[in-house]
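Working through the structure, step by step
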Amino acid sequence: MLKTKYKSLLIIIICTIICSIQIISAQQLPLQGTIIMVDAGHGGRDSGTYYGEILEKNLNLEISKKLEEELIQQGAIVYMTRKRDIDLSSIYDSEKKRGDLYRRLLLIKEKNCDLYISIHINWYDDSNLKGAEVLYNPINKDNKVLATSIMKRFRKNLSSNRNIKTTDLYMYRNITTPGVLIECGYLSNSTERKLLQEKDYQQFLAKNITKGIIDYLKKEKRIKNII
Ligand SMILES: [Zn+2]
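Predicted, not measured: the structure shown is a model, and the values here were computed from it. (Residues numbered from 1 in each chain as written. Predicted model: local features only at pLDDT ≥ 70, side-chain atom pairs only at ≥ 80, totals over all residues.)

1. Observations regarding helix H3 (residues 96-110)
Every α-helix carries 3.6 residues per turn, so stepping three or four residues along brings you back to the same face. For H3, spanning 15 residues, the distance from its first C-alpha to its last is 21 Å, which sits close to the expected 21 Å at 1.5 Å a residue. When we look at burial in H3, the residues that qualify are Asp 100, Leu 101, Arg 104, Leu 105 and Ile 108. Along H3, the residues classed as buried sweep out an arc of 135 degrees about the axis, all on the same side. Against the buried residues of H3 lie strand E1 (35-40) and strand E5 (115-122). One or two steps after H3, the chain reaches Asn 112, where phi turns positive at roughly 50 degrees. (Helix = DSSP H or I, 4+ residues; strand = E, 2+ residues; numbered from the N terminus. Expected span 1.5 Å × (residues − 1). Buried ≥ 20, exposed ≤ 12 C-beta atoms within 10 Å, placed from the backbone. Arc of directions from axis to C-beta. Contact = placed C-beta atoms within 7 Å.)

2. Quick word on the pairing of strand E8 (residues 179-186)
Look at any regular strand and the pattern is simple: side chains alternate between the two faces of the sheet. Most of E8 sits inside the fold, with eight of its eight residues counted as buried. Bridge count between E5 and E8: six bridges; the pairing is parallel. Paired with His 120 across the bridge in E8 is Glu 183. One ladder, built from three bridges, connects strand E6 (residues 133-136) with E8; its direction is antiparallel. Among the inter-strand pairings, Glu 133 is bridged to a residue of E8, identified as Glu 183. (Pairing = 2+ DSSP bridges.)

3. Considering helix H6 (residues 199-219)
Taking 1.5 Å as the rise per residue, H6 with 21 residues should run 30 Å; its terminal C-alpha atoms sit 30 Å apart, in good agreement. The inward-facing, buried residues of H6 abut helix H2 (56-73), E5, helix H4 (142-157) and E8. Phi for Lys 221, located one or two positions after H6, is positive at around 60 degrees.

4. Some details on the nonpolar core
The biggest cluster of nonpolar side chains holds 47 residues, and the ones touching the most others in it are Ile 36, Ile 117, Ile 150, Val 180 and Ile 182. Those elements that place two or more of their residues in this core are E1, H2, H3, E5, E6, H4, E8 and H6. A per-element tally of this core places H6 first, with seven residues. With residues near it in sequence (within four places) discarded, Ile 117 still touches Ile 36, Val 38, Asp 39, Leu 67, Gly 179, Val 180, Ile 182 and Ile 209. (Core = buried A, V, L, I, M, F, W, Y, C linked by C-beta atoms within 7 Å.)

Encoded structure:
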């Protein structure tokens, strides 16, 4: 009888400890409950920029999937505008590119996202130019703060000497949800072209974008200063 009593007590204690650990670990995730749309640029009929057989759309998707992983690990709820090699235009769209961007925009709005991150790769005629950079539209105050936070991480950890820039592209000037366009590096630069294809570098990029997002949310006082 006594043994059964002790057994029950022990089970209750163990359950309480497990529950407490789960609650503590859930509370410590800095992006807990933040809804983020990861937008892998281009796709399907639209390859984006390219170098031989290296297509921007494929690199964008690889980096975006790693970013999805990193954000989920930090507690975010993540949606993707695409998870495979497709574009979002409809057969009825007379302008395919516009249709594709319009549906990305709708997805961000429909999912009630707190923020979105578009992933792209750059190209420039001068092959010396390199470095990850962040572009934003000044449609709201948040975009510049988010861009600055991510850019700081790129400058510090990826040795990028680029700066934030504004963009007036259709998609970004038509969405009030906070978000930025990230150009992860230049396919036209041989060193960066090699790096952008490496899984470890892609993961490192994703980690730094995630850290930049956390920095931004801390600045906005939307999350506690816990890491
Ligand atoms: Zn692009």
